[in-house]
Amino acid sequence: MSGEEAMQELEEVSVELKEKEEIELIETAEAGGTQDDTAQVTFVEGLVNLCQLLFSPVFVQTFILTFLAEWGDRSQIATIAMAAAKVYGSKDLSKKR
């Protein structure tokens with residue numbers, strides 16, 4: 001395919017796409033809808049897909065396991081910090097009884 005043939009093919013495809021878009025606009029207008037209706041459907045579908053992703057069983061299980069593992073780390077660190085803050089075995093020699 002030469003360069004001129006490729007350009008002609010590109011022009012033909014561009015014209016066909018424009019005609020197809022015009023036909024879709026006319027059909028949408030005849031049906032009483034607008035293009036904004038299709039954008040809202042796309043948004044709703046996207047929102048549904050997002051919710052399905054966020055609340056999928058794999059994601060929920062992964063979140064719970066990670067949360068529990070980190071909770072264990074935090075409680076272990078807190079226990080070590082509390083134990084280190086308390087002084088065991090030393091006596092204050094300055095007090096007289």
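Residues numbered from 1 in each chain as written. Predicted model: local features only at pLDDT ≥ 70, side-chain atom pairs only at ≥ 80, totals over all residues. Heavy atoms only, no water.

The name that an unreviewed UniProt entry assigns to the protein chain is GDT1 family protein, with the source organism given as Racocetra fulgida. Its UniProt record gives the protein chain the following Sequence similarities (unreviewed entry) comment, quoted word for word: "Belongs to the GDT1 family." Checking UniProt for the protein chain, the heading Subcellular location (unreviewed entry) contains the comment "Membrane". (UniProt positions renumbered as here; feature names shortened; annotations may be inferred.)

A. Seen up close, the overall build of the protein chain. From N to C terminus, the protein chain includes 3 helices and 0 strands. When the elements of the protein chain are put in sequence order from the N terminus, they spell out α-α-α. (Helix = DSSP H or I, 4+ residues; strand = E, 2+ residues; numbered from the N terminus.)

B. The packing of aromatic side chains, seen in detail. All chains considered together, the criterion is met by 2 aromatic pairs. With a centroid separation of 6.3 Å and 20° between ring planes, the pair formed by Phe63 and Phe67 is classed as stacked. Linking Phe63 with Phe67, this pair stays in helix H3 (residues 57–85), spanning 4 residues, or about one helical turn. Residue classification places Phe63 among the exposed positions, given a relative accessible area of 51%. (Phe/Tyr/Trp six-rings, centres within 6.5 Å; stacked < 30°, edge-to-face > 60°. Buried < 20%, exposed > 50% of the residue type's maximum accessible area, 1.4 Å probe, protein only.)

C. Examining the confidence of the model for the protein chain more closely. Mean pLDDT over the protein chain works out to 82, with 79% of the residues at or above the 70 mark. The secondary structure element of the protein chain with the lowest average pLDDT is helix H2 (residues 35–54), at 78, and the one with the highest is helix H1 (residues 3–30), at 89. (pLDDT = per-residue confidence, 0-100.)

D. Region of interest: H1. Helix length check: H1 (28 residues) gives 41 Å between terminal C-alpha atoms against 40 Å at 1.5 Å per residue, within 8%. Following H1 by one or two positions, Gly32 adopts a phi angle in the positive range, close to 90°. (Expected span 1.5 Å × (residues − 1).)

E. The arrangement of the environment of Leu54 in detail. Within the secondary structure, Leu54 is located in helix H2. Exposure remark for Leu54: the relative accessible area of 36% places this residue in the partly exposed category.

F. Fine view of a negative patch on the surface. Where like charges cluster on the molecular surface, the negative patch consists of Glu9, Glu11, Glu12, Glu16, Glu19, Glu21, Glu22, Glu24, Glu27 and Glu30. Looking at Glu24, the relative accessible area reads 42%, which means it is partly exposed. (Patch = residues over 30% accessible without salt bridge, like charges linked within 9 Å, V, L, I, M, F, W, Y side chains within 5 Å. Areas by Shrake-Rupley, 256 points an atom, 1.4 Å probe, with all protein chains shown as cover. Salt bridge = Lys/Arg side-chain N within 4 Å of Asp/Glu carboxyl O. Lys, Arg positive; Asp, Glu negative; His and termini not counted. Charge placed at Lys NZ, Arg CZ, Asp CG, Glu CD.)

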